Amino acid sequence: MFNRMKTLVLLQLDNRYRYKSKRALIAKLAVKTGVFVICTLVMFGVLYLLKYVVNLPVTKDFLLFVLALSQYVGIAVTTIGLKRALYDSNDNAILFAFPAKHSEVFYSKLAVFYIGEFSKSLFFLLPLFLAFGFLTPVSAWFFVNSALMIFVLPTLTVLIAALLCIPLMYLSKFFRRFPAVYAVLLVAVAVLLFAGLTSLLVKVPKPLRIVAIYNTIINGIVKVIVNSNRFALFYSFAADILFLKNVGLNWLFLLALLAALLVCNYFLARPLFFRMVASSSENAVEKKHRTDYKTKGEFGAF
């Protein structure tokens, strides 16, 4: 099973990144190492400016806000990409032709997206944790738990996205069938965004004296961060682990969540993936047969 999964994953990775040789792969890794160093330095500079120039408190609340926001964006992007890879990809028929189980094809696709999310974590979350740790007095366990989070958080993102693909797939089918509903929904969202932006601009004092209201702006940003952290959900467990608050219990919560997501994917997303791919393959074959019949005529098709 492991060898089959490895072959499927490498095949999809090669199709995505197309490394022509080992030398090209080594060169790519060297470039990415340099990019990682640059990302860490840039993140350190950004946090330094926020803390000592802008006077924005770079605290646990700030870290939790950035962490949760980045992960929610990651879930949204991964859900869209994974939905295309699972249910709309042309390579499904090719992968199903390999001597592998359909569940192995499903998990290989999740593994490919996990590698992508892990790479993003290396270039954003890890520099964020390192820069925060150097600027803020934390214990050595902060860095240890940060390294572990780089592996755990992408797993959460991919497993959640795999489940969210199910309603997204049915929604996309509905919108393709009724495009007028999709157009009305887009107009409604645009109107709401315009109304919200207008209401914010109306509240801006005239004339605008930024220096006079600077402290008010900073306090408002802090209040937004604190209030937004109420919706951090299980990412608050990760933040508590980083700051050594109920470490064992919070790790238990995260591992239990991972186990529950794995079970849900096994019983929901995995069989649905197989049914959808099998159904699309049957429809393609049926459509081809009908086309041949119409083209060649009755005796030609016979």
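Calculation criteria
Residues numbered from 1 in each chain as written. Predicted model: local features only at pLDDT ≥ 70, side-chain atom pairs only at ≥ 80, totals over all residues. Heavy atoms only, no water. Phe/Tyr/Trp six-rings, centres within 6.5 Å; stacked < 30°, edge-to-face > 60°. Helix = DSSP H or I, 4+ residues; strand = E, 2+ residues; numbered from the N terminus. Buried < 20%, exposed > 50% of the residue type's maximum accessible area, 1.4 Å probe, protein only. Axes fitted to C-alpha atoms, helices over the stretch in contact; angles between N-to-C directions. Parallel < 35°, antiparallel > 145°, perpendicular 65-115°, else oblique. Left-handed = near helix turned anticlockwise from the far one by under 90°. Nonpolar A, V, L, I, M, F, W, Y, C, P; charged D, E, K, R; others polar.

J.: Where do I start with the packing of aromatic side chains in this structure?
T.: Each aromatic ring pair is characterised by the separation of its centres together with the angle its planes make. Evaluation of the coordinates by the stated rule reveals 21 aromatic pairs. Taken together, a centroid distance of 6.2 Å and an interplanar angle of 20° make the contact between Tyr-114 and Phe-118 stacked. Of this pair, Tyr-114 and Phe-118 both sit in helix 5 (residues 102-123), 4 residues apart, which is roughly one turn of that helix. Its relative accessible area of 23% is what places Tyr-114 among the partly exposed residues. The interplanar angle of 40° and the centroid separation of 5.1 Å between the aromatic rings of Phe-237 and Phe-253 together place this pair among those described as tilted. One end of the pair, Phe-237, is in helix 10 (residues 235-242); the other, Phe-253, is in helix 11 (residues 247-301), with 16 residues separating them in the sequence. Residue classification places Phe-237 among the partly exposed positions, given a relative accessible area of 26%. Connected via pairs of aromatic rings, a cluster forms that spans Phe-129, Phe-132, Phe-134, Phe-142, Phe-143 and Phe-243.

J.: Help me understand the packing of helix 3 (residues 60-87) against helix 7 (residues 140-177) in this model?
T.: For any two helices packed against each other, the geometry is given by the interaxial angle and the distance between the axes. Put simply, helix 3 and helix 7 touch, their axes get as near as 6 Å, and they point 45° apart. When the interaxial angle is binned, helix 3 and helix 7 end up oblique. Considering the relative orientation of helix 3 and helix 7, their crossing is right-handed. Split into classes, the residues belonging to the contact of helix 3 with helix 7 amount to 17 nonpolar, 6 polar and 2 charged.

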